[in-house]
Amino acid sequence: LMYITLANVDYPGNNHIMWRPQAEDGKWRFIAKDMDLALGWDPRLLPDMKSIDFIFDGSLYQPWSWAITEWASRLMGSLLELSEFRDRFVDSYSVYAGTFLKNDYMLRLLNDMCEESKDEVIVSQLTNCTDPLDYDSEKDRIEKWIVARNEFLRTYMGEYFGVGAPVSLMIN
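All values reported here derive from a predicted model rather than from experimental measurement. (Residues numbered from 1 in each chain as written. Predicted model: local features only at pLDDT ≥ 70, side-chain atom pairs only at ≥ 80, totals over all residues. Heavy atoms only, no water.)

*Asks:* I'm lost on the nonpolar core in this one. Help?
*Replies:* Core analysis: the biggest nonpolar cluster contains 20 residues, and Val9, Leu39, Met49, Phe54, Trp64 and Ile146 have the highest contact counts within it. When residues of this core are traced back to their parent elements, those giving at least two are helix H5 (103-128) and helix H6 (135-161). Examining the composition of this core, we find that four residues originate from one element, H6, more than from any other. With 13 residues, the next largest nonpolar core counts Met76, Leu80, Phe89 and Tyr93 among its residues. (Core = buried A, V, L, I, M, F, W, Y, C linked by side-chain atoms within 4.5 Å. Buried < 20%, exposed > 50% of the residue type's maximum accessible area, 1.4 Å probe, protein only. Helix = DSSP H or I, 4+ residues; strand = E, 2+ residues; numbered from the N terminus.)

The following block contains the structure:
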């Protein structure tokens, strides 16, 4: 769900690590890494990218089709055919979209990360890049991208899974 929300095209065939202890009750653990293609970093990766469609047809978004492997497409397809998985996937997205994937939370997280890393990123850009980015302009672009992405996903996910339009609920 994170990769779909952030529109990271370097997935599902890459950029994650999975493991579990070999103990009888060993729980699977996951780490996401190398998110450089997320958040619309490339101007061709617009907020309205249909990430689930991309998992099944890498040719939809060139030149990133190399990231879509046959095994990953088959695995995701097989999982989504299982009603229990599909229902849990949709339910999880619905809960996450209303909590830590909401604009205010994601923008606050982005601001915290930017505040923490700004000096280091600027020095790295000036040292290693012939054409460094304007840090503040890039941050503004990402903020706008996040808001547009979340708006698009609210409709896309409902249509893709046939669950209708989202409804906001406040639970006290």
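Text resumes after the structure shown.
*Asks:* What exactly am I supposed to notice about the packing of aromatic side chains here?
*Replies:* Within a pair of aromatic rings, the relevant descriptors are the distance that separates the centres and the angle that separates the planes. As enumerated under the stated definition, the model contains seven aromatic pairs in all. Centre to centre, the rings of phenylalanine 89 and phenylalanine 161 are 5.6 Å apart; their planes meet at 50°, and the pair counts as tilted. Taken together, the positions of phenylalanine 89 in helix H4 (residues 83-97) and phenylalanine 161 in helix H6 put the pair 72 residues apart, joining distant regions of the chain. The same class applies to phenylalanine 89 and to phenylalanine 161, which are both buried. With centroids separated by 4.9 Å and ring planes inclined at 70°, the aromatic side chains of tyrosine 160 and phenylalanine 161 adopt a geometry described as edge-to-face. Put simply, the rings of Phe85, Phe89, Phe152, Tyr156, Tyr160 and Phe161 touch in pairs and so form one group of aromatic residues. (Phe/Tyr/Trp six-rings, centres within 6.5 Å; stacked < 30°, edge-to-face > 60°.)

*Asks:* What is the right way to look at the side chain of arginine 149 in this model?
*Replies:* Looking at the element boundaries, arginine 149 is found in helix H6. Buried charge without a salt bridge: arginine 149, with aspartate 48 as the nearest opposite-charge side chain at an N-O distance of 6.6 Å. At 3.2 Å, the side chain of arginine 149 forms a polar contact with the backbone oxygen of threonine 5. Setting aside chain neighbours within four positions, we find arginine 149 in contact with Ile4, Thr5, Ala7, Pro47, Asp48, Met49 and Ser51. (Lys, Arg positive; Asp, Glu negative; His and termini not counted. Salt bridge = Lys/Arg side-chain N within 4 Å of Asp/Glu carboxyl O. Polar contact = N/O pair within 3.5 Å; in protein donor to acceptor, adjacent residues only side chain to side chain. Contact = heavy atoms within 4.5 Å.)

*Asks:* What exactly am I supposed to notice about the side chain of threonine 5 here?
*Replies:* One can find threonine 5 in helix H1 (residues 2-6). Taking relative accessible area as the criterion, threonine 5 reaches 2% and is therefore assigned buried. A polar side-chain atom of threonine 5 sits 2.9 Å from the main-chain carbonyl oxygen of leucine 1. Sequence-distant contacts of threonine 5, defined by excluding residues within four places in its chain, comprise Tyr93, Leu101, Met106, Trp145, Arg149, Asn150 and Leu153.

*Asks:* Even after reading the chapter, I still don't get the environment of tyrosine 11, so can you show me in this structure?
*Replies:* Inspection of the secondary structure assignment puts tyrosine 11 in the loop between H1 and strand E1 (16-19). When its relative accessible area of 21% is taken as the criterion, tyrosine 11 is described as partly exposed. Separated by 24 residues in sequence, tyrosine 11 and methionine 35 place their C-alpha atoms 9.6 Å apart. Once residues lying within four places of it in the same chain are set aside, the contact partners of tyrosine 11 are Tyr3, His16, Phe54, Ala67 and Ile68.

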